[in-house]
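Chain and residue survey
In case you want the letters, here they are:
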Amino acid sequence: MIKNTQEIEISQKQARRIALKAQGLLGQKFYKGKRGALQAIRQLSYIQIDTISVVQRAHHHTIWTRVPDYHPDMIWRLLEKDKEIFEYWSHAAAFLPIEDFRYSHWKKNQVKAMDKHWFERDHKMRKYVLDRIRAEGPMQSKNFGNPSGTKPSWYTWKPAKIALEQLFIEGELMISKRKKFQKVFDLTERTLPEHIDRSEPSEDEMADYLIKRALDSHGLAQISEINYLRRGIKASIKRRIQEKIEGKEIIQLKIKGLESDPFYILSDNFDNKVLRIVNKKIYLLNPFDNSVIQRKRLSNFFNFNYQIEVYVPQKKRQFGYYSLPILWGDEFAGRVDVKADRKQKIFLIQHLWKEENFSDESEHFYTSLREALEAYARFNGCEEIQLNHCANQDWKNVINSWWKMG
């Protein structure tokens, strides 16, 4: 525990707004286009990559939420041509700012020290894969044949794919680009821009990086959130936080009415006044959006219990396969299960659900909800919206009067 520290108490509303401001969800403006996409990635510290494609994939949706004129091609230009971002592992597969590259060594070194990572190391195959890429240039898994008589699937990778993924996670290879979402691997020495710092951070530098990234991107955070899925660094994080508190760089916070471990905030980011919502609007958040990925945090700050039901058996789902949280100002209004029928260009609202304690029935709310749904439908390449089910009769009556799209 951080010891002998005076806490500042803030309200739940203050905590919510500090967090939302850091996440770019209080209505503030980002730059437009590709520049805005890069700004969003830097502000959030990473963007999770996901394969689910019933609507635009998570990485595109998360950026678009903050940069309305974002187009999916922009992230590939940032990765392949501009080399302003790189693909590696955060708590999951992610795009990260290229200037953070040196901090990826921490995980790479841990993986190298393991007896195995996911699979046993096949040193002969690893050498074969590296030699071919060194001689022939960037390659995909499909460029390597399958062992005779086998048919690989997502759970039975062929030896070359295993070698590629292991060499990537250990840092010998990078993902230079993707073709139809499939990874293209190349040597790190050929892919990484020359001006990028490749030195390995000390343990204190790594701890400082994790602390600053978490507090810049989330506003306030607990040690367990800063340390989330990071092995071997917790003690250093706690010590550096203590030192930064003593140096008045960090403030320790308690949220009124919440019994929990303390939260921390950078002193430069703390405003004791309740933050103003710049532009109250609806945000349809992706299930893998940085603002909702920590479910306990959602419950603590917003009294919002959320679970993505992709992995829940169909009969046990309550809200639907791909249910998006609906954020209105600093509260969650509901959730909407969505699917894009790209062939017919119809955006399907499979299920729309109003949160039990949400009470705003203003014209401004309904206008914002319609604008958000229509904008998201267009982002998914759809020209019509179809409401299949709405649990709340008042919402259903209003929404049924809207479509076809305006």
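Scroll up a little and you will see the structure.
One structure accompanies this document, and this report is about it. (Residues numbered from 1 in each chain as written. Predicted model: local features only at pLDDT ≥ 70, side-chain atom pairs only at ≥ 80, totals over all residues. Heavy atoms only, no water.)

**Describing the sheet that holds strand β10 (residues 323-328)**
- Taken in spatial order, the five strands of this open sheet run β9-β10-β11-β12-β13, and their pairing is mixed. Strand pairing shows two members of the sheet lacking a second neighbour, β9 (282-284) and β13 (384-387), which therefore form its edges. The sheet shows a mean angle of 30 degrees between the axes of neighbouring strands, direction not considered.
- As paired strands, β10 and strand β11 (residues 331-341) are joined by six bridges and run antiparallel to one another. Bridged to P325 within β11 is R335. (Pairing = 2+ DSSP bridges. Helix = DSSP H or I, 4+ residues; strand = E, 2+ residues; numbered from the N terminus. Axes fitted to C-alpha atoms, helices over the stretch in contact; angles between N-to-C directions.)

**A few points about the pattern of salt bridges**
- One pass over the structure, following the stated rule, counts 31 salt bridges.
- The closest approach of N and O atoms between D131 and K127, which form a salt bridge, is 2.7 Å. In this pair, D131 and K127 both sit in helix α6 (residues 123-136), four residues apart, roughly one turn of the helix.
- By relative accessible area, which is 53% here, K127 ends up exposed.
- Its salt-bridge partner being R132, residue E136 comes within 3.0 Å of it at the nearest N-O pair. In this pair, E136 and R132 are both assigned in helix α6, four residues apart and thus about one turn of the helix distant.
- Among the residues examined, E136 registers a relative accessible area of 52% and is labelled exposed.
- Its relative accessible area of 18% is what places R132 among the buried residues. (Salt bridge = Lys/Arg side-chain N within 4 Å of Asp/Glu carboxyl O. Buried < 20%, exposed > 50% of the residue type's maximum accessible area, 1.4 Å probe, protein only.)

**Some thoughts on empty space enclosed by the protein**
- As enumerated under the stated definition, the model contains four cavities of 30 Å³ or more in all.
- By volume, the largest cavity is sized at about 440 Å³.
- Looking at the largest cavity, it is lined by 28 residues, and the ones nearest its centre are S45, Y46, S90, L210 and R230.
- Among the elements of the structure, β3 (85-89), α9 (203-218) and α10 (223-226) are those that each provide at least two residues to the lining of the largest cavity.
- Looking at the lining of the largest cavity element by element, the count peaks at seven residues for α9.
- Across the lining of the largest cavity, the residue classes tally to 15 nonpolar, seven polar and six charged.
- The calculated volume of the second largest cavity comes to roughly 80 Å³.
- Of all elements in the fold, only α1 (12-22) and α12 (295-302) reach the threshold of two or more residues within the lining of the second largest cavity.
- The greatest single-element share of the lining of the second largest cavity, amounting to four residues, is contributed by α12. (1 Å grid on protein atoms, 1.4 Å probe; cavity = no way out; pocket = protein on both sides within 12 Å on 5 of 7 lines; lining within 4 Å. Points joined across faces, edges and corners; volume = space filled by probe spheres on them. Nonpolar A, V, L, I, M, F, W, Y, C, P; charged D, E, K, R; others polar.)

**Quick word on the nonpolar core**
- Formed by 83 residues in total, the largest nonpolar core has its most connected members in L220 and Y322.
- For this core, the leading source of residues is helix α13 (residues 363-379), giving eight residues.
- F86, F101, L167 and L192 belong to the second largest nonpolar core, which has 27 residues in total. (Core = buried A, V, L, I, M, F, W, Y, C linked by side-chain atoms within 4.5 Å.)

**Digging into the packing of aromatic side chains**
- The full count for this structure, using the stated rule, is 20 aromatic pairs.
- Relative to F365, the ring of W328 has its centre 5.4 Å away and its plane inclined at 75 degrees; by these criteria the two rings are edge-to-face. Taken together, the residues span a long stretch of sequence, with W328 in strand β10 and F365 in helix α13 at a distance of 37 residues. Of the two residues, W328 and F365, both sit in the buried class.
- When the centroid spacing of 5.5 Å and the interplanar angle of 90 degrees are considered together, the rings of F347 and Y376 count as edge-to-face. One end of the pair, F347, is in strand β12 (residues 346-354); the other, Y376, is in helix α13, and 29 residues separate them in sequence. You'll find F347 and Y376 in the same group, each marked buried.
- Here the aromatic residues W328, F358, F365, Y366 and W395 are joined through ring pairs into a cluster of three or more.
- In this structure, R35 is placed above the aromatic ring of Y31, and the distance from its NZ or CZ to the ring centre is 3.6 Å. (Phe/Tyr/Trp six-rings, centres within 6.5 Å; stacked < 30°, edge-to-face > 60°. Lys NZ or Arg CZ within 6 Å of the ring centre and 35° of its normal.)

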